[in-house]
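So you can see what is in the structure, the chains are spelled out below.
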Amino acid sequence: MTESEDNQTSMDLMEYLDDLGFGIDDQTEMTNLEEDLPTALIVANIPPMIFEDVESQLQFERVFKELDVDVSFIYLKNFRRARLQFSSSTMAGIARMKYDGLTVGDYNIKCYFSQVHQAADKENSFLRPPEPKRVFLISPPASPPVGWEPIPESEPVIDYDLINALARLSPGESHEIHPKSLNAPAIVVHLCEDPAGQIGGPKPTIVQTRRPDINMS
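Summarised in this report is the structure supplied together with it. (Residues numbered from 1 in each chain as written. Predicted model: local features only at pLDDT ≥ 70, side-chain atom pairs only at ≥ 80, totals over all residues. Heavy atoms only, no water.)

Some points on the side chain of S56
Relative to the assigned elements, S56 resides in helix α4 (residues 54-65). Among the polar contacts listed, one links the side chain of S56 to the side chain of D53, at a separation of 2.7 Å. Sequence-distant contacts of S56, defined by excluding residues within four places in its chain, comprise M49 and I50. (Helix = DSSP H or I, 4+ residues; strand = E, 2+ residues; numbered from the N terminus. Polar contact = N/O pair within 3.5 Å; in protein donor to acceptor, adjacent residues only side chain to side chain. Contact = heavy atoms within 4.5 Å.)

Here's what the structure looks like:
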């Protein structure tokens, strides 16, 4: 669009806004924000009858088609809202300024711009896969990754003191595991011998506890 055509479009918009009854401040704000405005509106607080009665819905649409005959409607009944797609951002801005707070039935509708948020950096707008290091911890790959080297296993730790203490344990004798100190008592283990006749004998019978008598009176 040339500069002369752009100036003519702005003049036509100012005249159209003046015919609709908008003041100088509203006209100036609309022309300054024309390029930044979206082309869709969200109309909230719509009366329930708009979603249920076809004739009421046609009357509701006729109000907005007086400004833009190409406007399309998407109704969101559960939210009592509708999305209106206009032919230009200018028509969407005029509709918001003119119909925001309009009384429809017993309700005052609210008009909001439907702004689509776009990520500034498109490369970081998608979910990135996890780092390979974490993937290997969760599920080892069929083949090792590049640069992988086996880690030599460390030698087993042998506690000779524990082995010596276990070897000195004998049935029927007491063994001091930890000597007595000023801050802690001594730890002594007393080994139990198997009772005579229990090895290879019959299994003892466990006598169950008798249930107490129940008083029926």
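On we go.
What to know about the packing of aromatic side chains
Considering all chains together, one arrives at 6 aromatic pairs under this definition. Ring geometry for F51 against Y75: centres 6.0 Å apart, planes inclined by 85°, an arrangement best described as edge-to-face. Of this pair, F51 sits in helix α3 (residues 49-52) while Y75 sits in strand β2 (residues 72-76); the two residues are 24 residues apart in sequence, bridging distant segments of the chain. The exposure class of F51 is buried, given its relative accessible area of 16%. (Phe/Tyr/Trp six-rings, centres within 6.5 Å; stacked < 30°, edge-to-face > 60°. Buried < 20%, exposed > 50% of the residue type's maximum accessible area, 1.4 Å probe, protein only.)

Concerning the nonpolar core
Core analysis: the largest hydrophobic core is formed by 21 residues, its most contacted members being V43, I46, F60, F64, L84, F86 and A95. Taken together, the elements giving at least two residues each to this core come down to β1 (40-44), α3, α4, β3 (81-85) and α5 (89-99). With 5 residues, α5 is the single largest residue contributor to this core. Once you skip the residues sitting within four places of it in the chain, I46 turns out to touch F51, F60, R80, R81, A82 and I109. (Core = buried A, V, L, I, M, F, W, Y, C linked by side-chain atoms within 4.5 Å.)

Everything listed is a geometric property; what it means functionally is a separate question.
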